[in-house]
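Inside the fold
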Amino acid sequence: MNNYSENARVNSAVTGVLGRYPDEPASLIGVLQDVQEELHYLPRVALEQIAHGLSVPRNQVYHVATFFKAFSLTPRGRHTIHICCGTACHLKGAGMIAEAIQSTLKTGDGETTEDGSFTVQTVRCLGCCSLAPAIMIDREVYGEVVPRALRRILGKYWEAESA
Amino acid sequence: MQFSLNGRNIAAEPGETVLSVARKNGVFIPTLCHHDAVSPSGACRLCVVQVSSGERSRIVSSCLYAPSENDRVETDTERVRKVRRMVLELLLARCPTVELIRDLARAYGIQRSRFTDGAGPSEERCVLCGLCVRVCDEVVGRHAISHAKRGIQRKITTAFDTQADECIGCGACVRICPTGALHYEDLPEQKQPERVMVELHTRVPLVRCSDCGRAFASPALFEHVSKSVNVPPTTLAACPACRSKSFAATAAQNPPSAPAFARAHARTYQSQLLASINEESS
Ligand code: SF4
Ligand code: SF4
Ligand code: FES
Ligand code: FES
């Protein structure tokens, strides 16, 4: 995608999100969350536009956008895979799961696949230890994951992508 | 409102902090992130004191804590000193080359920190106290800098780590910084003279003094000062040196340069701090 159409896409996404919130500094986090969800990252032009739209100084927007783990200033995949490496999942073989996912997708921790479909991120405890080892893709939790189930799980998202 | 401070009964305004009452009453409490010009933030935890009410006692930050009726506040108990030692040991691990931190640590009996990463002494000078951010936000009103990122990557910077046109090169952040982490450098010989905010990725154009021709401040700073103290910008067109010359023959010498002023200021603050600690511990 060239820069121009990317900027236009960002601009219209941000304009849409801003339209759903009151023009006030208190809307900042909600707006950032929605734009992150829509674009899978927060490009600088988006942050500048948000700062302007909500009358929040740019330094404040940058401060918030770089503080929370939920936000990313570089492009993230269309789906985020959280691999739990908390205590329970670790004991139940999270290491193996992480390795399997990363080698299947050819990405390291915190990285995004070349085609932009997945970002892989390890986390500490998803809060469902009884399902260990667990992973979460976008908002869906998968429990008692075994490496050979991964192709099936990931396949669902691939199919949806190519459909 | 009555409470006791190191055993003395003291009256305080409702809402007044322990630190403010202590200072008024000549009781010394060390601080790093507090400055009367800006709002308190509780970032450094060096100012901790022990507050007891009834049987219970706890540690609070004196720059934020407003005492309740009949609180007993102690500013230098062993428990307090222990917390300060921990704070200083951590700060020393982060900023081993900062003299103020080293002196404070030494005053609390710490020679070296247990918390080094073995990578050799770090050159880091910033303790993330946030004074620079608050002075720029609250006093200068430019919102040019802020904390960014999190965890060990946390730092002070401009939006997107690049040139911040919000910055007017006033130097307030440089002066208020307790550890000398921020600097500016003037390039007066350039065709367009500039002030370089060294750590802040920012250059601010300077104009020349109407009398001596020395480049000394930015047009945006004139505008700001002229608005905030209500003097016409023309009064500001001469540099402070030329202005004082024309105001009074006796003030003919140059005032100290900005960095020298900052150093002198840091020294007085530092020596005051240390003198009081030594006095208390002796
Ligand atoms: S020099 Fe720039 S960053 Fe520092 S206080 Fe002034 S306006 Fe803010
Ligand atoms: S640069 Fe100085 S004033 Fe700003 S946070 Fe760091 S130590 Fe504090
Ligand atoms: S450790 Fe994985 S869900 Fe708790
Ligand atoms: S001076 Fe109170 S926390 Fe820093």
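This write-up is about the structure you can find in this document. (Residues numbered from 1 in each chain as written. Chains lettered and ligands numbered in written order. Predicted model: local features only at pLDDT ≥ 70, side-chain atom pairs only at ≥ 80, totals over all residues. Heavy atoms only, no water.)

**Quick look at the pairing of strand β10 (residues 202–205) of chain B**
Residues and elements named next belong to chain B.
- Only one face of β10 is buried, namely the one carrying Thr202 and Val204, since none of Arg203 and Pro205 on the opposite face is buried.
- Summarising the sheet, strand β9 (residues 194–197) and β10 pair through four bridges and their orientation is antiparallel. Bridge assignment links Arg195 to a residue of β10, and that residue is Val204.
- Between the antiparallel neighbours β9 and β10 lie four residues, among them His201 with a positive phi of about 55°. (Buried < 20%, exposed > 50% of the residue type's maximum accessible area, 1.4 Å probe, protein only. Helix = DSSP H or I, 4+ residues; strand = E, 2+ residues; numbered from the N terminus. Pairing = 2+ DSSP bridges.)

**Notes on the interface of chain B and chain A**
- Each partner contributes to the interface: chain B provides 20 residues, whereas chain A provides 12 residues.
- Between chain B and chain A the total buried area reaches about 1400 Å² when both faces are included, carbon and sulfur atoms providing 53% of it.
- Between chain B and chain A we count one salt bridge in total.
- A salt bridge links Glu166 of chain B to Arg58 of chain A; its shortest N-O distance comes to 2.7 Å.
- Our enumeration of links across chain B and chain A arrives at 12 residue pairs in polar contact (both at pLDDT 80 or more).
- Listed by contribution, the elements that provide at least two residues to the side of chain B that touches chain A are β6 (145–148) and β7 (155–158) of chain B.
- In terms of residue count, β6 of chain B provides more of the side of chain B that touches chain A than any other element does, four residues in total.
- Tallied by class, the residues present in the side of chain B that touches chain A amount to six nonpolar, seven polar and seven charged. (Contact = heavy atoms within 4.5 Å. Buried area = accessible area lost by both parts, 1.4 Å probe. Salt bridge = Lys/Arg side-chain N within 4 Å of Asp/Glu carboxyl O. Polar contact = N/O pair within 3.5 Å; in protein donor to acceptor, adjacent residues only side chain to side chain. Nonpolar A, V, L, I, M, F, W, Y, C, P; charged D, E, K, R; others polar.)

**Topic: the site of ligand 1**
- Surrounding ligand 1, one finds Cys136, Arg142, Ala144, Cys167, Ile168, Gly169, Cys170, Gly171, Ala172, Cys173 and Met197 of chain B.
- Broken down by class, the residue content of the shell around ligand 1 amounts to eight nonpolar, two polar and one charged. (Near = heavy atom within 4 Å.)

**Points about the sheet that holds strand β3 (residues 135–137) of chain A**
All names here are of chain A.
- Taken together, the four strands give an open sheet; going across it, the order is β2-β1-β3-β4, and neighbouring strands pair in mixed fashion. Single-partner strands in this sheet number two, and they are β2 (118–123) and β4 (140–142). Adjacent strand axes in the sheet meet at a mean angle of 20°, parallel and antiparallel pairs treated alike.
- Against the sheet, helix α6 (residues 94–105) touches β1 (79–84), β2 and β3, its axis set at about 155° to β1. (Axes fitted to C-alpha atoms, helices over the stretch in contact; angles between N-to-C directions.)

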